[in-house]
Every structure is written in C-alpha cells, then in structure tokens.
Amino acid sequence: DYFQKFSLFQLKRNGNSLKKKRKKGVVLHLKDLIYERSEVYALFEVKNRSGIDFEVEYLKIFKFNGNPKRKSSHQKLLLTPVHRQDFPEQIRDKQTATFAIVLPKFTLGESERLLIELRERNGSRGVVLEVR
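It should be emphasised that the depicted structure is a prediction, and the values quoted were computed from it without experimental measurement.

Asks: I'd like to hear about the nonpolar core, residue by residue, with values.
Replies: Grouped together as the largest cluster of nonpolar side chains are 25 residues, with contacts concentrated most on Leu28, Leu30, Phe44, Leu59, Ile61, Ile116 and Leu118. Elements supplying a minimum of two residues to this core: β2 (26-36), β3 (39-48), β4 (54-65), β8 (95-104), β9 (112-120) and β10 (126-131). When near neighbours in sequence (up to four residues on either side) are disregarded, Leu59 contacts Leu28, Phe44, Arg84, Phe87, Phe99, Ile101, Ile116, Glu117 and Leu118. Judged by nonpolar contacts, the second largest core, of 8 residues, contains Phe3, Leu11, Tyr41 and Leu43.

Put into structure tokens, the structure is as follows:
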C-alpha cells in the first residue's frame, strides 16, 4: 500500500517541527505537512507527561476560515482522512506516539487556518492546535 510505505518513510526520516501545543501534560506536535501526489501527509507526535494514561477518543482536522469573533463570517470544514498510519488508541504515561494521517490534497487561503483537535475518551482533556 503506497500510503503506508510513504507514511512510514516520512515518519522515520522527518525532523521538522511546525507547531506544538501543551495542555495538562499532553503535548500535541504537528511535525510536518507533506504534499505528495493528490494527498497531504500530516505527521504528528503526541507526548503524554500527565501521569495518567491518555485514551484517544479522536483526532479531527478542520480547515478553518474567517474570524471566530464574528460568528457569521467563519466556518469549520472537517477534512476526512484517507489513511491513518500507526494511529494510537492509547498513549501511556511518559510515552510518545508518532503517527501520520493522510488527507485529500488541500491548500490554505489567505485567511484560512488548520485546526487540529485531540480529545480524550471518558475524560475532559483535549488539545486544540491552530496552524496558520
């Protein structure tokens, strides 16, 4: 499977860092966005330093447009993954998970941002990462 091979290759060799966000001991790190053919490979790293295991409910990626202060002029479009590589069900305490999510190709316009939401199952923890 091409997605799997390319994802694994990128996860092994990639040393970039686009954006990080820490909240309650959980670090969500977007390492890179790689445009290849008609897909975008989003490489992630999640570190758990909270003292409690983190069970992943979901990781959603949105294309976010406009100004959230003016409700009428903003929208969130959910980007549906084509493939998930090494996506964790659970991240134990003091462990790190690296994984890739393959999305259909997209571009971000002038006022558009990427919004990444990681939520915990049966818990209140969550991290939201915004990338310009």
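Asks: Quick one: what's the story with the environment of Arg84, residue by residue and with numbers?
Replies: Summarising the element assignment, Arg84 is placed in strand β6 (residues 83-85). Judged by relative accessible area, Arg84 falls into the partly exposed class, the value being 37%. Separated by 60 residues in sequence, Arg84 and Lys24 have C-alpha atoms that sit 25 Å apart.

Asks: Lay out the pairing of β3 in plain terms, naming residues and giving numbers.
Replies: Among the 10 residues in β3, 9 count as buried, and that is most of the element. By the bridge criterion, 10 bridges tie β2 to β3 in an arrangement that is antiparallel. By the bridge assignment for β3, Val27 is matched with Lys47. Where β2 hands over to β3, the hairpin turn is made up of 2 residues, of which Arg37 adopts a positive phi near 55 degrees. Bridge analysis of β3 against β8 gives 10 bridges, and the strand direction is antiparallel. In the sheet register, Glu45 faces β8, and the bridge partner there is Thr98.

Asks: Which residues make up the sheet that holds β6, and what values do they have?
Replies: With respect to topology, 5 strands assemble into an open sheet ordered β1-β2-β3-β8-β6, the strand pairing being antiparallel. Looking at which strands have only one partner, the edges of the open sheet turn out to be β1 (19-23) and β6. Between one strand axis and the next, the sheet turns through 20 degrees on average, direction left out of account. Where β1 lies against β2, 5 bridges are found, and the strand directions are antiparallel. Across the sheet, residue Lys20 finds its bridge partner in β2, namely His29.

Conventions adopted
- Residues numbered from 1 in each chain as written.
- Predicted model: local features only at pLDDT ≥ 70, side-chain atom pairs only at ≥ 80, totals over all residues.
- Heavy atoms only, no water.
- Core = buried A, V, L, I, M, F, W, Y, C linked by side-chain atoms within 4.5 Å.
- Buried < 20%, exposed > 50% of the residue type's maximum accessible area, 1.4 Å probe, protein only.
- Helix = DSSP H or I, 4+ residues; strand = E, 2+ residues; numbered from the N terminus.
- Contact = heavy atoms within 4.5 Å.
- Pairing = 2+ DSSP bridges.
- Axes fitted to C-alpha atoms, helices over the stretch in contact; angles between N-to-C directions.

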